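Spelled out, the chains give:
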Amino acid sequence: MAKAPLAKRLAHSHSHHGVTRVDDYAWLRADNWQEVMQKPETLDAEIRAYLEAENNYYEAEFGQPTAALQDVIYKEIRGRIKEDDSGVPSPDGPFAYNSRMLEGKQYPQIVRTARDGGAETVLLDCNIEAGEDYFGFAGASHDPGHALLAWAADRAGSEYYDIVLRDLASLTDTGEVIRETAGSYVWSNDSKSIYYTEYDDNHRPYRVRRHDLGTDQAADPIIYEESDPGFFVGVGKTLSDKFIVIDAHDHQTSEVYLIDAEQGGEPRLVAPRVTDREYEVDERDGVLYIRTNADGAEDYKIVTVPADAPAAANWVDLVPHREGVLVLDVALLKNHLLRLEREDGLPRIVARDLRTGKEEVVRFAEEAYSLGMSTGYEFDTSVFRLSYSSPTTPSQVFDFDLETGQRTLLKTQEVPSGHNPADYETRRLFATAPDGEQVPVTLLYRKGTRLDGSNPALLYGYGAYGMSMPAAFSVSVLSLVDRGFVYATAHIRGGMEKGYRWYKQGRREHKTNTFTDFIAAAEMLIEQGYTSKGRIVAQGGSAGGMLMGAIANLRPDLWGGIIAQVPFVDVLNTMLDDTLPLTPPEWPEWGNPITSPADYERIAAYAPYEAVSAQAYPPIFALAGLTDPRVTYWEPAKWVAKLRATKTGDAPLYLKTNMGAGHGGASGRFDRLKETAQCYAFAIKSVGLDG
C-alpha cells in the first residue's frame, strides 16, 4: 500500500472578536494566488509537491486499481451520447445560427445556414482553436450586421477570457483581441463597439468598458465602475435591442443602468440599490418590464414603468405577487410576455398576450420534471422555444407558436446505446426535517426495485444561492442506476424549489437547515426501504461541497462514502479574507465574520474545516482545481490535510487536484466524462460493489 501524505504543520494563528484560532495548514494558501490563477507554473514548489503527493497517492491507491472500472463507466456514458449531434437552429434575420458536435471531438463548432436552411458554414471550430491544453469556451456572438463573430475563451481555468474577433467573409480572425476580460460582453447596434466586463485585482468583475473596433484596448473608455467590493457587474442587452443593460448585484440586491444601444451615451440608472431588493429589466415599446421582489413580493412579481421615468415610485404591478408561486424568469417578445414559474416544486410556463391580457399555461404531467424556455435572437416573433425532460425522459425541444397555439417537436435527445423510459421509475417523495418542514426528494431507480433496504443509493445535494436542482434527464446517472443504485436528489433549503422562503431558511442564521434537511432525506430513504445506513454515497460540489463537509462531521455513520467536488469547506477563513474574489459578495449569503461576532461564532460552529474532529469518517473523495477562482485549491487541500491528521479509523481519504483546470474541472466533454467515471467508481466501491 502507498503511504498517505501527511502535510506538515506550521502554526499560524488569527484573532477575531476575542477568539484566537490556530490554523496549521494555512501555509497551503499561496501568497501569489492571483498570479497562480493565470500562471499555474508559478505555484510555490512546496505546495506543488504536497498536491502532487496527494495525486500520486490517489492514483496508487484508487486510480490505478479501479482503472478498468472507470474505463467501463466512461465507455457506458459516452455510448449514451450522440457524438455527431447538433442543437436546433435559431433564426436571426437572413441566417439561422447553431452549434454542433462532431464524433470524437471535445468541443463545439459554431455554424450558420441561410434562414430557411441549406448548406452549413462553419464559422468557428473550437477543436482547432483549443489545442491540447485547457480551453474554457465562453461562447460566440455575431454582430448585428452578421459580418463579425466575437468569441471568448479561457486557456487556464482561471476565468480570464480573451475575446477574439473573426471576419465572417474570410472566416479568419482579424487579429483584434480584447484580453483578460471577465467574459461578459455585448455588441452595440452599429456593430462598431463591444461593451465588456473586466476584473479588479482580486478577480471580481467590477467594471464595464467599451471597445471601439480598430482602436487600442488600452484606450477603451470606462463606462461603469463599481466601488462596492461586494457587488459584481455584468453587461447584457434587451431582446428589443433598445438598451445595453449594466447590472450591478450581490446575491440579494441589484441595481440596473441602461445605455441607448443605438446612440450610446452615459449609463442611466433605473432605480437605486436598496438592500434586499432585486430587479431585472427588459423593454418593449418604450416600457420597461421588471421582475422584482420589491414591496414584500417575496416570490417576485412583474411590474411595468415608462423607460423615460423608471424610478421605483412609478412601478405598476402587471403580474402581482402570489405567495408560493415563484416567478423564476421572464422573457419578452413583441406581443407576448413569458414567465417561468414554480409552485409546489413543479415548473410551468405562462404566456400572456400583451394585447388582450389572455394567458396560456404550459405544463407536463410527470411526477417530477425539468422545464426551460428561451427566446432566441429575435424580438418580433410569436415563437418561443421550450425544453423538457425528466429523470426517465430524455430532453425534448419544442417551438411553441403563441399566435396559433401549435407546439412543434424539433428534437428529442438520442441515446445511441438505447434507453427505454419504461424500464425506470421517477418518484417525488418528501422527508420531514427536524423542524417539521417537508423536503422534496426526487428519485430515479429501475422499475421493479425491491424496497427492502438492500439497495445502494447516491444522494445529491446543493442548497445555496437560491439555486434549484432540476429533475432532469442525465445519461451519466444511468451507470449507477443500472447497477442497482437509487439515485436521489434532495431539494434542500438554500435552494428555491419551494419559493424564496425556502432560500431564506437555508442561508445566514438558518444555514444549518441545509445540512439537517439533507440528513433527513437520507433517513427517509432508509425508513422507506430504498437503502440502508452505510449504503448511501453523498455527493455535492462547490457550496454543495460545504454540505458534504458538514454532513461528514454531523453524521459520519450514515454514509458509505462522500464525494466532495471543489468543496467550499474553509468557510470561516475565506469569509475573513476580504481580498479573495468571492468574499465580500458572499457576506449576504453566509454573514460577515469580520464585523459581526454572531456571524463569526455561527460560521465557526458549522464550517467543515473548523469542525473536523477525532472520529471515524466514511470514505471521502475530494476534487480540486488548481486555477479555481471560486473555491480556491487550498480549501479542499487544507480540509484533507486536517482530516488525515485528525480522523480515526482507516476509511480511505483521497484528494485529486486537477493541476490544469479550475472550478468546472476538465474543459473537454469527454475529459469531463472521465472525471464523472472517477466519482462513480468511487461510489460503487464505497458500497462494496465490484462494478
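Scroll up to find the structure.
First, a word on what this report is: a plain description of the structure on this page. What you see is a predicted model, and the numbers here were worked out from it, not measured in a lab. Residues take numbers from 1 onward in each chain, read along the sequence in its written order. With pLDDT at 70 or above as the cut-off, local features in this predicted model cover only qualifying residues; side-chain atom pairs require 80 or more to be listed or tallied, and sums for whole chains, interfaces and linings still use all residues. The basis for every side-chain value is the complete set of heavy atoms in the structure, and neither hydrogens nor water enter the calculation.

A look at the overall build of the protein chain
Quick note on the threshold: In this text, helices come from DSSP runs of H or I with a minimum length of four residues, and strands from runs of E with a minimum of two, each type numbered from the N-terminal end. Note on method: radius of gyration uses C-alpha positions; expected globular size equals 2.2 Å times residues raised to 0.38. In this scheme, a residue with accessible area under 20% of its type's maximum is buried, one over 50% is exposed, and one in between is partly exposed, where area comes from a 1.4 Å probe on protein chains only. A residue counts as positive if it is Lys or Arg and as negative if it is Asp or Glu; His and the chain ends are not included. For this purpose, a charge sits on NZ of Lys, CZ of Arg, CG of Asp or CD of Glu.
Scanning the protein chain for helices and strands turns up 14 helices and 39 strands. In terms of C-alpha radius of gyration, the protein chain reaches 25 Å, essentially the compact-globule figure of 26 Å for 691 residues. Here the C-alpha coordinates of the protein chain stretch approximately 65 × 55 × 50 Å along the principal axes. The buried share of the protein chain, reckoned over its 691 residues, is 58%. For the protein chain, the separation between the mean place of its 70 positive charges and that of its 102 negative charges on side chains is 4 Å.

Details of the nonpolar core
Where we set the bar: Take the buried residues of types Ala, Val, Leu, Ile, Met, Phe, Trp, Tyr and Cys, join any two whose side-chain atoms come within 4.5 Å, and each joined set is a nonpolar core.
Counting 82 residues, the largest nonpolar core has Leu459, Phe518 and Trp559 as the members making the most contacts within it. It is helix α7 (residues 512-527) that provides the largest number of residues to this core, a total of 8 residues. Within the second largest apolar cluster, 34 residues are counted, among which are Tyr57, Val537, Ile563 and Phe682.

Some words on the sheet that holds strand β30 (residues 396-401)
Think of a sheet as strands paired side by side through backbone hydrogen bonds, with each pair either parallel or antiparallel. Operational definition: By this definition, two strands are paired if DSSP reports at least two bridges between them. Note on geometry: axes are lines fitted to C-alpha atoms, helical ones only across the stretch in contact, with angles between N-to-C directions running from 0 to 180 degrees.
Strand order in the open sheet made by the 4 strands is β28-β29-β30-β31, with antiparallel pairing throughout. Both edges of this open sheet fall to β28 (370-374) and β31 (407-412), since each of them pairs with a single strand only. Neighbour-to-neighbour, the strand axes of the sheet open up by a mean angle of 25 degrees, direction not taken into account.

Here we look at the side chain of Glu176
As a reminder, the rule being used: One side-chain nitrogen of Lys or Arg within 4 Å of one carboxyl oxygen of Asp or Glu is enough to make a salt bridge. The contact definition used throughout considers only heavy atoms, calling two residues in contact when any of these lie within 4.5 Å.
Mapping Glu176 onto the fold places it in strand β11 (residues 172-181). Buried and unpaired, Glu176 has no salt bridge, with Arg179 as the nearest side chain of opposite charge at 11 Å. In this structure Glu176 touches Ile163, Val164, Leu165, His211, Asp212, Leu213, Gly214 and Thr215, once residues within four positions along its chain are discounted.

Quick word on the packing of aromatic side chains
Our working definition: Two rings belonging to Phe, Tyr or Trp (six-membered ring only in the last case) form a pair when the distance between their centres is within 6.5 Å. Interplanar angles under 30 degrees mark stacking, angles over 60 mark edge-to-face geometry, and anything in between is tilted. Definition used: whenever NZ (Lys) or CZ (Arg) falls within 6 Å of the ring centre and also within 35 degrees of the ring normal, the charge is taken to sit over that ring.
The full count for this structure, using the stated rule, is 31 aromatic pairs. On the numbers, 6.5 Å between centres and 65 degrees between planes, the contact of Trp27 with Tyr50 is edge-to-face. A residue pair is termed long-range when its members are at least 10 positions apart, and Trp27 in the loop between β2 (19-22) and α1 (33-38) and Tyr50 in helix α2 (residues 45-63) qualify at 23 residues. Through a chain of ring-to-ring contacts, the aromatic side chains of Tyr57, Tyr58, Phe62, Phe621, Tyr654 and Phe682 assemble into a single cluster. If you follow Arg507 out to its NZ or CZ, it ends over the ring of Tyr503, 4.8 Å from the centre. Seen from the ring of Tyr609, Lys642 lies directly overhead, with NZ or CZ sitting 4.7 Å from the centre.

Quick word on the packing of α7 against helix α8 (residues 543-554)
In a packed pair of helices, the relevant descriptors are the angle between the two axes and the axis-to-axis distance. Threshold: Each angle is binned into one of four classes, with values under 35 degrees roughly parallel, values over 145 roughly antiparallel, values of 65 to 115 roughly perpendicular, and all other values oblique. The sense of a crossing depends on the near helix, which, turned anticlockwise from the far helix by less than a right angle, makes the crossing left-handed and, turned clockwise, makes it right-handed.
The contact between α7 and α8 brings their axes to 10 Å, and the two run at 70 degrees. As judged from the angle between their axes, α7 and α8 are roughly perpendicular. For α7 against α8, the interelement crossing comes out right-handed. On α8, the residues touching Thr514, Phe515, Phe518 and Ile519 of α7 are Met546, Leu547, Met548, Ala550, Ile551 and Leu554.

Description of the pairing of strand β27 (residues 359-362)
Looking at chain direction, strand β26 (residues 346-353) and β27 are connected through 4 bridges and run antiparallel. Bridging across to β27, Ile349 finds its partner in Val362. Hairpin geometry of β26 and β27 is characterised by an intervening segment of 5 residues between the two adjacent antiparallel strands and by a positive phi of about 85 degrees at Gly357.

Some words on unusual backbone geometry
You will see that Asp285, though not glycine, has its phi angle at about 50 degrees, which is positive. Within the secondary structure, Asp285 is located in the loop between β20 (279-284) and β21 (287-292). By relative accessible area, Asp285 is classed as exposed at 59%. Despite not being glycine, Asp295 has its phi angle at roughly 60 degrees, a positive value. Note that Asp295 resides in the loop between β21 and β22 (301-306).

Describing the pairing of strand β29 (residues 383-389)
The side chains of a regular strand alternate, residue by residue, between the two faces of the sheet. Taken across its 7 residues, β29 has 5 buried, putting it largely inside the fold. Sheet topology note: the β29/β30 ladder contains 6 bridges and is antiparallel. Paired with Ser387 across the two strands is Val397, which belongs to β30. Connecting β29 to the next strand, β30, in antiparallel fashion are 6 residues.

A short note on the environment of Tyr224
Along the polypeptide, Tyr224 turns up in strand β15 (residues 222-225). The exposure class assigned to Tyr224 is buried, which follows from its relative accessible area of 10%. The sequence separation of Tyr224 and Arg209 amounts to 15 residues, and the corresponding C-alpha distance is 7.0 Å. The contact partners of Tyr224, leaving out residues within four places of it in the chain, are Tyr206, Arg207, Val208, Val233, Ile246, Ala248, Glu255, Tyr257 and Arg273.

Some words on the pattern of salt bridges
Counted by the stated rule, this structure contains 53 salt bridges. Put simply, Asp23 and Lys638 hold a salt bridge, and the shortest N to O gap is 2.7 Å. With Asp23 in the loop between β2 and α1 and Lys638 in helix α13 (residues 634-646), this residue pair connects regions lying 615 residues apart in the sequence. Look at Asp23 and you get buried, because its relative accessible area is 5%. Judged by relative accessible area, which is 3%, Lys638 ranks as buried. For the salt bridge of Glu120 with Arg100, the shortest nitrogen-to-oxygen distance reads 3.0 Å. Highlighted residues: Glu120 in the loop between β6 (109-114) and β7 (121-125) and Arg100 in strand β5 (residues 95-101), separated in sequence by 20 residues. A network of salt bridges, in which partner residues are shared, links Arg322, Arg339, Glu341, Glu343, Arg348, Arg352 and Glu359.

With respect to the sheet that holds strand β14 (residues 205-212)
Strand order in this open sheet of 4 strands is β12-β13-β14-β15, and the pairing throughout is antiparallel. Each edge of the open sheet carries a strand with a single partner, namely β12 (185-187) and β15. Geometrically, the sheet is characterised by an average inter-axis angle of 15 degrees between neighbouring strands, direction not taken into account. Sheet topology places β14 next to β15; 3 bridges connect them, and they run antiparallel. Residue Val208 lies in a different strand from β15, and its bridge partner there is Tyr224.

Some details on the environment of Asp317
The cut-off we apply is this: As used in this structure description, the phrase polar contact means that two N or O atoms lie within 3.5 Å; if the pair is within protein, one of them must be able to donate a hydrogen and the other to accept it, and residues adjacent in sequence are counted only when both atoms belong to side chains.
Note on placement: Asp317 falls in strand β23 (residues 316-319). When the C-alpha atoms of Asp317 and Val303 are compared, they prove to be 4.3 Å apart, with 14 residues separating the residues in sequence. Excluding residues that lie within four positions of it along the chain, Asp317 makes contacts with Lys301, Ile302 and Val303. Reaching out from Asp317, the side chain makes a polar contact with the side chain of Lys301 at a distance of 3.0 Å.

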